[in-house]
Structures are given as C-alpha cells and as structure tokens.
Amino acid sequence: MNEEVLSILWRVIDNDIPLVNDDMTTFLVKDGEITEEDLKIWNDAVKKIKEAYKKVNYNQNDAKSLLNSALELLNSIKPKKPFPPEVKIRFDELKNSVSKCIELLNKT
C-alpha cells in the first residue's frame, strides 16, 4: 500500500507539480488570472505534499494529515476566470492524485 502511495506522490512531485507550477507562475499570475495570494497557497500545498512524501513510510497519520491539508489548500485556489483547458486538466489530475493517496492511506 505504501509503495503505491509513494509511487503516486513521486509522480506528483516529479511531474505534476513542475507542470502546474509553470502554469501558475508563467501566464496565470502574469495575466492576473490568479493572485499572488493564490500562488502563496499553491506553494504551501506543494510543501505539504513533499513533506507527506517523506513521512509516508514512518508516520502515515502525519502524511495523511498533510495531504488533507494540501488538498484543502488546492481546492481553495479560485482563479478569476476559468483555467484554460490544458491547465485545468493538469491541476485536476494533481488534485485527484492527492485524493487517491488519502484514500489509500485511509485503507491502512
């Protein structure tokens, strides 16, 4: 079970976060679609996801709590206008992956 969670979180950290981060910092903030406050929330969520990855093997409750907190933060990001389709897909995939990890940790 932990291996699956670690695998999902590694994909999120290695692939999904850098792609969404590029979206956030390049054209979304510059175009004013998200605020600097939303960017700060995004960065806090990323820190929690990375911290959860480090804790999965030795403290699942902490990892689950961090992932729940990160998901709440991600869900609180509200762009001024809808994300472009490709950005929405990447952002939703990231949130779905975090949700999947929480679900897996709840089963243990």
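Right above here is the structure, for reference.
Every residue gets a number counted from 1 within its own chain, in the order that chain's sequence is written. Whole-chain, interface and lining totals are the exception, using all residues; otherwise, since this is a predicted model, local features are given only for residues with pLDDT of at least 70 and side-chain atom pairs are given and counted only at 80 or more. Just so you know, side-chain values use all the structure's heavy atoms and leave hydrogens and water out.

S.K.: Quick question: what am I supposed to make of the packing of helix α3 (residues 60-76) against helix α4 (residues 85-106) here?
M.R.: Between two packed helices, the angle of one axis relative to the other and the distance separating the axes together describe the packing. The contact between α3 and α4 brings their axes to 10 Å, and the two run at 150°. Looking at the two axes, α3 sits roughly antiparallel to α4. Viewed along their axes, α3 and α4 form a crossing whose handedness is left-handed. Contacts between α3 and α4 involve Q60, A63, K64, L67, N68, L71, L74 and N75 from the former and F91, L94, K95, V98, S99, C101, I102, L105 and N106 from the latter. When residues are sorted by character, Ala, Val, Leu, Ile, Met, Phe, Trp, Tyr, Cys and Pro go into the nonpolar class, Asp, Glu, Lys and Arg into the charged class, and all the rest, Gly among them, into the polar class. Class assignment for the residues of the contact of α3 with α4 results in ten nonpolar, five polar and two charged. Convention adopted: a line fitted to C-alpha atoms gives each axis, helices being fitted over their contacting stretch, and angles between N-to-C directions are expressed from 0 to 180 degrees. What counts as a helix is a DSSP run of H or I of at least four residues, what counts as a strand is a run of E of at least two, and both are numbered from the N terminus. Should an angle lie under 35 degrees it is considered roughly parallel, over 145 roughly antiparallel, and from 65 to 115 roughly perpendicular; all remaining angles are considered oblique. In this scheme the crossing of two helices becomes right-handed for a clockwise turn of the near helix relative to the far one and left-handed for an anticlockwise turn of less than a right angle. Only heavy atoms matter for contacts: two residues are in contact if any of them lie within 4.5 Å across the pair.

S.K.: I keep staring at the environment of L28 and nothing clicks. Help me out?
M.R.: Looking at where L28 falls in the secondary structure, it is placed in helix α1 (residues 2-30). Placed 51 residues apart in sequence, L28 and P79 show a C-alpha to C-alpha distance of 8.5 Å.

S.K.: Would you explain the packing of aromatic side chains in this entry?
M.R.: Each aromatic ring pair is described using two quantities: the centre-to-centre distance and the angle formed by the ring planes. Each aromatic pair joins two rings of Phe, Tyr and Trp (for Trp, the six-membered one) with centres within 6.5 Å, and gets the label stacked for planes under 30 degrees apart, edge-to-face for over 60, and tilted for any other angle. The tally for this structure, following the rule as stated, stands at two aromatic pairs. Centroid distance W10 to Y53: 5.8 Å. Interplanar angle 40°. Geometry classified as tilted. Of this pair, W10 sits in helix α1 while Y53 sits in helix α2 (residues 36-55), and the two are 43 residues apart along the sequence. We classify W10 as partly exposed; its relative accessible area is 44%. Accessible area is worked out with a 1.4 Å probe on protein chains only. A residue is then buried under 20% of its type maximum, exposed over 50%, and partly exposed in between. Given the relative accessible area of 27%, Y53 is considered partly exposed. Relative to F91, the ring of F83 lies with its centre 5.3 Å away and its plane at 70°, an arrangement referred to as edge-to-face. Accessibility classification places F83 together with F91 in one group, the buried group.

S.K.: When you look at the side chain of D23 in this model, what are you seeing that I'm missing?
M.R.: Mapped onto the elements of the fold, D23 is located in helix α1. Among residues more than four places away in sequence, those in contact with D23 are L28, V87 and R90.

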